[in-house]
Amino acid sequence: MLHRMALRVLPSLSLIVTEDSARKRKRIVMLVPGLVAFAVYRVAKQLLPLTDPIVLLTVSGLVGVGTALLSYRAGRSTAWRVINREDGRKLLVWIGGWIGFIYAVQLSLLVLALLWLVGYDYLKHPDGPAMMAIIIASTAVARDAFEIGYIRRFALLGRPVPTFPNGIALRSLLKTHTALLLPWVAAGMVLGAAAPGVGQISESHQTAALAQVAWITFFGGVVALCAYFGGLKQDGSWKSALRQAEPGELLKYWWWPGLAFASTYYIALAGVVIFLLRQPGMPASFALFGGAVVGGLMALYGYYLGYRRQVEDQQGQSLSGALLRCPFVSGILRKSRPEVGQSVQAASGSNV
């Protein structure tokens, strides 16, 4: 789900996909796949054993592939032959495979696990959870694929897009900043690995899992926030920048993407354990591994987002009034660079 974080945290991407024209078209794009997914569920229910988690996730993934490709084309607003020539097969395979199939499966597991946490077990009552898993995953895939296609369209028209959300920049970061990343990832893994101990407070599987989720959510958000500043301020001044940032802006980023995605990843992993491995809950060994993975991922992704923000600043991305709508931007700019802060205030005044 790193692409989702980048689409909202990085200004060069967020400004494109939050324009009014994009929002209006996106609502329609999200509505149609939801209706189609419902129809697919009704047909598949008659033909396939959707009570089997593997069958359900396969159907959800396949629906996601078609949804992703069609939604991407809607965002690109051009013919398939043009897309194939300008984007190439590799990008389309990534859209269909990663944003379509893998993302849809992950979201379906998230839905099933969330329902399990509140006592609505898919293995005991499959119809409702199965339907929601397919429809919710499809609409989310449609939203993100449309936004990526929309960004690609503007990038080809010459609008600066320093970070296309396809993971290439992350792989480059892993090669060039390994030594700087390791302490952050290690800290995240250590904090996340403490989740099993928290889960021992109750004998109920749901209550234990909720306690683990709460732990991972809180500390995953903290690690992501600190790592963001670590990537943004690689000269070692991240602690100073963290103290100087406005509390309201810190809270925004701590909440989203920090808390939101830390809990999302852990709940999806719980879905793997409960529905694919058929465990009654999250045993200590699985919780330790899952917590460590989520903590490490949040540290890595937080650092990556901070680093890409720094890259955008270095490339001289222009500031406009619309930038003020981006999460976790204006407060940091006012504190970290006074001269930029003045221009932000001026832009804000000119848009009142």
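Our subject is the structure that appears above.
One structure accompanies this document, and this report is about it. (Residues numbered from 1 in each chain as written. Predicted model: local features only at pLDDT ≥ 70, side-chain atom pairs only at ≥ 80, totals over all residues. Heavy atoms only, no water.)

1. A look at the overall build of the protein
Of regular secondary structure, the protein possesses 15 helices and zero strands. Looking at the protein residue by residue over its 352 residues, the buried ones come to 53%. Within the protein, residue pairs in contact and separated by at least 24 positions form 78% of the contacts whose partners lie at least 6 positions apart. In the form shown here, the protein has an accessible surface area of approximately 15800 Å², with 64% of it arising from carbon and sulfur atoms. (Helix = DSSP H or I, 4+ residues; strand = E, 2+ residues; numbered from the N terminus. Buried < 20%, exposed > 50% of the residue type's maximum accessible area, 1.4 Å probe, protein only. Contact = heavy atoms within 4.5 Å. Areas by Shrake-Rupley, 256 points an atom, 1.4 Å probe, with all protein chains shown as cover.)

2. Concerning unusual backbone geometry
In the segment running from Trp256 into Pro257, the intervening peptide bond is cis, with an omega of 15°. You can see Pro257 is positioned in helix α12 (residues 247-276). Non-glycine residue Ser77 carries a positive phi angle of around 55°. Its place among the elements puts Ser77 in the loop between α4 (53-76) and α5 (80-117). Notably, Arg278 is not glycine yet its phi reads approximately 60°, a positive angle. Examined against the element boundaries, Arg278 turns out to sit in the loop between α12 and α13 (284-314).

3. A look at the pattern of salt bridges
The final tally for this structure, using the stated rule, is 12 salt bridges. For the salt bridge of Arg4 with Glu147, the shortest nitrogen-to-oxygen distance reads 3.0 Å. Placement of the pair is Arg4 in helix α1 (residues 2-9) and Glu147 in helix α6 (residues 127-156), with a sequence separation of 143 residues. Judged by its relative accessible area of 9%, Arg4 is buried. Notably, a salt bridge pairs Asp87 with Arg76, separated by 3.0 Å at the nearest N-O pair. Placement of the pair is Asp87 in helix α5 and Arg76 in helix α4, with a sequence separation of 11 residues. (Salt bridge = Lys/Arg side-chain N within 4 Å of Asp/Glu carboxyl O.)

4. A few points about the packing of α12 against α13
Relative orientation of the contacting elements α12 and α13 amounts to 145°, with a least axis distance of 10 Å. Both α12 and α13 take part in a crossing whose hand is right-handed. Side by side, α12 and α13 meet where Tyr253, Pro257, Gly258, Phe261, Ala262, Tyr265, Tyr266, Leu269 and Val273 of the first sit next to Phe286, Ala287, Gly290, Gly291, Val293, Val294, Met298, Tyr301, Gly302 and Leu305 of the second. Grouping the amino acids of the contact of α12 with α13 by side-chain chemistry returns 15 nonpolar, four polar and no charged. (Axes fitted to C-alpha atoms, helices over the stretch in contact; angles between N-to-C directions. Left-handed = near helix turned anticlockwise from the far one by under 90°. Nonpolar A, V, L, I, M, F, W, Y, C, P; charged D, E, K, R; others polar.)

5. Here's the deal with α1
Think of an α-helix as 3.6 residues a turn; residues three or four steps apart then line up on the same face. Where burial is concerned, most of α1 is hidden: eight out of the eight residues are buried. Every buried residue of α1 is listed here: Leu2, His3, Arg4, Met5, Ala6, Leu7, Arg8 and Val9.

6. What about the nonpolar core?
Membership of the largest hydrophobic core comes to 98 residues, with the highest contact counts inside it found for Met5, Ile148, Ile151, Phe229, Tyr265, Met298 and Leu305. Take this core: its biggest share by element is 16 residues, from α5. Beyond its immediate sequence surroundings of up to four residues, Tyr265 is in contact with Met1, Leu2, Met5, Gln106, Val294, Met298 and Tyr301. (Core = buried A, V, L, I, M, F, W, Y, C linked by side-chain atoms within 4.5 Å.)

7. Structural notes on a nonpolar patch on the surface
A contiguous nonpolar surface patch, about 490 Å² in accessible area, is contributed by Ile28, Leu31, Val32, Leu35 and Val36. Mapped onto the fold, Ile28 is located in helix α3 (residues 20-47). (Patch = residues over 30% accessible without salt bridge, like charges linked within 9 Å, V, L, I, M, F, W, Y side chains within 5 Å.)

8. Looking at the packing of aromatic side chains
Applying the stated criterion across every chain, the model contains 11 aromatic pairs. With a centroid separation of 4.9 Å and an interplanar angle of 50°, the aromatic rings of Tyr150 and Phe154 are classed as tilted. Linking Tyr150 with Phe154, this pair stays in helix α6, spanning four residues, or about one helical turn. In this structure, Tyr150 and Phe154 share a single accessibility class: buried. Measuring from ring centre to ring centre gives 4.9 Å for Trp184 and Trp238, while their planes differ by 70°; the resulting arrangement is edge-to-face. With Trp184 in helix α8 (residues 178-192) and Trp238 in helix α11 (residues 238-244), this pair connects stretches of sequence that are 54 residues apart. According to the relative accessible area criterion, Trp184 is buried, its value standing at 16%. One aromatic cluster in this structure is built from Trp215, Phe218, Phe219 and Trp254. (Phe/Tyr/Trp six-rings, centres within 6.5 Å; stacked < 30°, edge-to-face > 60°.)

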